[in-house]
Amino acid sequence: MGHGTADSLRTVTLDDVRGARKMLQGVARTTAMESSRHLSRTVGTPVHLKCENLQRTGSFKLRGAYVRIAGLLPEQRAAGVVAASAGNHAQGVALASSLLGVASTVFMPAGAPLPKISATREYGAEVRLHGQVVDEALAAAEEYAARTGAVLIHPFDHPDIVAGQGTVGLEILEQCPEVRTIVVGTGGGGLIAGIAVAVKALRPDVRIIGVQAEGAAAYPPSLEAGYPVSVSDPATMADGIKVGRPGDVPFGIVGALVDEIRTVTEGELSAALLLCLERAKLVVEPAGASPVAALLSRPGSFEGPVVAVLSGGNVDPVLMERVLRHGMAAQGRYLAVRLRLTDRPGALAALLGVLSVADANVLDVSHVRTDPRLGLTEVEVEVHLETKGPEHRAEVDRTLRDAGYTIID
């Protein structure tokens, strides 16, 4: 995976993380720590949010990328660097390389969100689109590294990357010295491994909990097996933690230092993203919202104060729109119903009249007349409504049925 055996055997120490912090002075921001009254009430203990979504390039990835590239020998720097990523690592490598005067090439899957592609170019990298998934882009980056001598900068599987990400842990201990639990989104494991190295060395009493998306959870089976196991076909909207196999370097650290790994569903991720937006006024991508999703899924199971790391904020606007809808539906604030009406003038107006009495806000109406399942005099209507919560949603459903409408499930 682009690192020698010596690197995989080299572990990461508190001194490495402290050295990384010195290196990052004036490069990475010390990001804000915000307390959340709403989450504190829900969880029953103080909850603070570590806002790495407000880091330069919109995520923590700049930290590790800069430390890794800054540690290269002059002849390695001269050969340039190459990386593969669908987003945050790409931007971190691009900016770090520009700041250090190193040429960078980044392979991104063809389906990567356009804002991430253009941001990576703006930070100074040459972007090449290759394959449909990150694994294919990574294979192309490895081939490019072998052909040109450029150094492959892996997103999580290198001690320097882990040490750089660990600087988040040092900041957490300074900003919230009374912390008892730290919750961190986990994909390959670079961030949680770095935080664990820094925090456990200074405060072994602090619990560290990793969070994976249910459809891309490679750590639980890997920890059970005792070595990194691949999940075939990882699937989640949280592209930042959509990783099929733990990194060798982080895996050893996670196994030794992390207390627990939990998983969250897509619905929980949506609800968490919506909560960050509405309650905390923070734009967070699904991977960055994963710790909040874990807090919402089992609120009574955390010893506080809790720090949730919001690891990134680079969310594709198209995905954001889908997620907001999904999140609203999960909270009972969105209802889509399909109905059969008699196809006569005024039928739709009568339906909208019933909905207005029920105080449901109509977002969208679609009308189907040509479905072979419909009778000659029938029309099918799909209505998307905004509701005020689960009770109101049930009330709207009841009102429609009481008014004699047939709802197609």
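Residues numbered from 1 in each chain as written. Predicted model: local features only at pLDDT ≥ 70, side-chain atom pairs only at ≥ 80, totals over all residues. Heavy atoms only, no water.

Participant: Just to check I follow, could you spell out the packing of helix α4 (residues 61-70) against helix α9 (residues 159-175) for this structure?
Facilitator: Helix-helix packing is characterised by the crossing angle of the two axes and by the distance between the axes. At a closest axis distance of 7 Å, the pairing of α4 and α9 adopts a crossing angle of 135 degrees. Our classification of the angle between α4 and α9 gives oblique. Handedness of the α4/α9 crossing: right-handed. Mapping the contact onto sequence places K61, R63, G64, A65, V67 and R68 in α4 and D160, I161, G164, Q165, T167, V168 and E171 in α9. (Axes fitted to C-alpha atoms, helices over the stretch in contact; angles between N-to-C directions. Helix = DSSP H or I, 4+ residues; strand = E, 2+ residues; numbered from the N terminus. Parallel < 35°, antiparallel > 145°, perpendicular 65-115°, else oblique. Left-handed = near helix turned anticlockwise from the far one by under 90°. Contact = heavy atoms within 4.5 Å.)

Participant: Is there a simple way to think about helix α13 (residues 266-278) in this case?
Facilitator: Given 3.6 residues per turn, any residue in an α-helix points the same way as the ones three and four places further on. Here α13 spans 18 Å end to end across 13 residues, near enough to the 18 Å set by a 1.5 Å rise per residue. Residues of α13 that are buried sit in contact with α3 (37-43), β8 (207-213), β9 (260-264), α14 (286-297), β10 (306-310) and α15 (317-330). (Expected span 1.5 Å × (residues − 1).)

Participant: In this structure, what is going on with the pairing of strand β4 (residues 104-108)? I would like to understand it.
Facilitator: Remark: a regular strand shows side chains that alternate across the two faces of the sheet. The element β4 is extensively covered by neighbouring structure, given that 5 of its 5 residues are classed as buried. Going residue by residue along β4, you find S104, V106 and M108 tucked away on one face and T105 and F107 tucked away on the opposite face as well. Where strand β3 (residues 81-84) and β4 come together, 4 bridges link them in parallel fashion. From the neighbouring strand, V81 faces β4, where its bridge partner is S104. Each parallel crossover has a hand, and the one from β3 via helix α6 (residues 88-100) to β4 is right-handed. (Buried < 20%, exposed > 50% of the residue type's maximum accessible area, 1.4 Å probe, protein only. Pairing = 2+ DSSP bridges. Right-handed = clockwise from strand over helix to strand, strands pointing away.)

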